Amino acid sequence: MSLNFDFRKVANYEAVTTDPADPQSWHPVANALVWLSMQCGFNEITPKNVDKVIDRIMAYQVVLGAYLHPDGGEIYIMPVDIRRFVGMRTNATRLTDAQWHRRLGRIADDVGTRLARRLEREQRPGALAEIARRAAQARKPLPTGSGT
């Protein structure tokens, strides 16, 4: 099934949905909100649910990091951005709060597992070793010069 969306009820929708760098393309925030509707379990942004949508998108970004990555950087979608899209609708499946929390928990578990495996592959020293190394470094006397 395709993911359909409608911005026509968003105030000044043409300005906020058009990419300023390429007027023939969707604005990256508009595009992201369409995809986030599916990932975060909402199918519209209304004055009544905008705070819940903000909470879900911010929690999603806390777990996975900034959603936008232009030119290798990171840009978080902010509450002010989401509020500009009140009126947006998609055909994404709505999740109850319980379903959303389960989904976010599974995402966090997956992120934690991937992080643990990566750190093990990189064979990084643990916190015990790092704290001991820093303590030893702090106890070392500073080198003295010869004075000549």
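Above this text you will find the structure in question.
Report on the accompanying structure. The model shown is predicted, which means the values in this text are computed figures rather than measured ones.

1. A look at the overall build of the protein
Link 1 in the chain: The number of helices and strands found in the protein is six helices and four strands.
Link 2 in the chain: Its helices and strands taken in sequence order, the protein reads β-α-β-β-α-α-α-β-α-α from the N to the C terminus.
Link 3 in the chain: Taken over C-alpha atoms, the radius of gyration comes to 23 Å for the protein, far larger than the 15 Å a tight globule of 148 residues would show.
Link 4 in the chain: Seen along its three principal axes, the alpha-carbon backbone of the protein occupies a region of about 75 × 40 × 25 Å.
Link 5 in the chain: By residue count, 26% of the 148 residues in the protein fall in the buried class.
Link 6 in the chain: Taking the contacts inside the protein whose residues are at least 6 apart along the sequence as the reference set, 70% of them involve residues at least 24 apart.
Link 7 in the chain: For the protein, the exposed area adds up to about 10,500 Å²; of that, 55% sits on carbon and sulfur atoms.
Link 8 in the chain: Charge centroids of the protein, computed over 21 positive and 16 negative side chains, lie 7 Å from each other.

2. Here we look at the nonpolar core
Link 1 in the chain: If you look at the biggest cluster of nonpolar residues, it comprises 28 residues, and the most contacted ones within it are Leu33, Leu36, Ile45, Ile57, Ile82, Phe85 and Met88.
Link 2 in the chain: Elements with a contribution of two residues or more to this core: α2 (28–40), α3 (50–64) and α5 (97–121).
Link 3 in the chain: In terms of residue count, the dominant contributor to this core is α2 (seven residues).
Link 4 in the chain: Here Phe85 is in contact with Phe7, Val10, Val16, Thr17, Val29, Ala30, Leu33 and Ile45, once residues within four sequence places are set aside.

3. Focus on the environment of Asp71
Link 1 in the chain: Mapped onto the elements, Asp71 comes out in the loop between α3 and α4 (79–83).
Link 2 in the chain: Sequence spacing of Asp71 and Met58 is 13 residues, and the spatial spacing of their C-alpha atoms is 22 Å.

4. Considerations on the packing of aromatic side chains
The description of two aromatic rings rests on the distance between their centres and on the angle between their planes.
Link 1 in the chain: Applying the stated rule across the entire model yields five aromatic pairs.
Link 2 in the chain: Relative to Trp26, the ring of Phe5 has its centre 5.2 Å away and its plane inclined at 80°; by these criteria the two rings are edge-to-face. You can see Phe5 sitting in strand β1 (residues 5–6) and its partner Trp26 sitting in strand β3 (residues 22–26), a full 21 residues away along the chain.
Link 3 in the chain: With a relative accessible area of 45%, Trp26 lands in the partly exposed category.
Link 4 in the chain: Considering the side-chain rings of Phe7 and Phe85, the 5.8 Å spacing of their centres and the 65° angle between planes classify their relative orientation as edge-to-face. With a gap of 78 residues between them, Phe7 in the loop between β1 and α1 (13–17) and Phe85 in the loop between α4 and β4 (89–90) connect regions that are remote in the sequence. Both residues of the pair, Phe7 and Phe85, belong to the buried class.
Link 5 in the chain: An aromatic cluster is defined as three or more aromatic residues linked by ring pairs; in this entry it consists of Phe5, Phe7, Trp26 and Phe85.

Reading guide: rules and limits
- Residues numbered from 1 in each chain as written.
- Predicted model: local features only at pLDDT ≥ 70, side-chain atom pairs only at ≥ 80, totals over all residues.
- Heavy atoms only, no water.
- Helix = DSSP H or I, 4+ residues; strand = E, 2+ residues; numbered from the N terminus.
- Rg over C-alpha atoms; globule rule 2.2 N^0.38 Å.
- Buried < 20%, exposed > 50% of the residue type's maximum accessible area, 1.4 Å probe, protein only.
- Contact = heavy atoms within 4.5 Å.
- Areas by Shrake-Rupley, 256 points an atom, 1.4 Å probe, with all protein chains shown as cover.
- Lys, Arg positive; Asp, Glu negative; His and termini not counted.
- Charge placed at Lys NZ, Arg CZ, Asp CG, Glu CD.
- Core = buried A, V, L, I, M, F, W, Y, C linked by side-chain atoms within 4.5 Å.
- Phe/Tyr/Trp six-rings, centres within 6.5 Å; stacked < 30°, edge-to-face > 60°.

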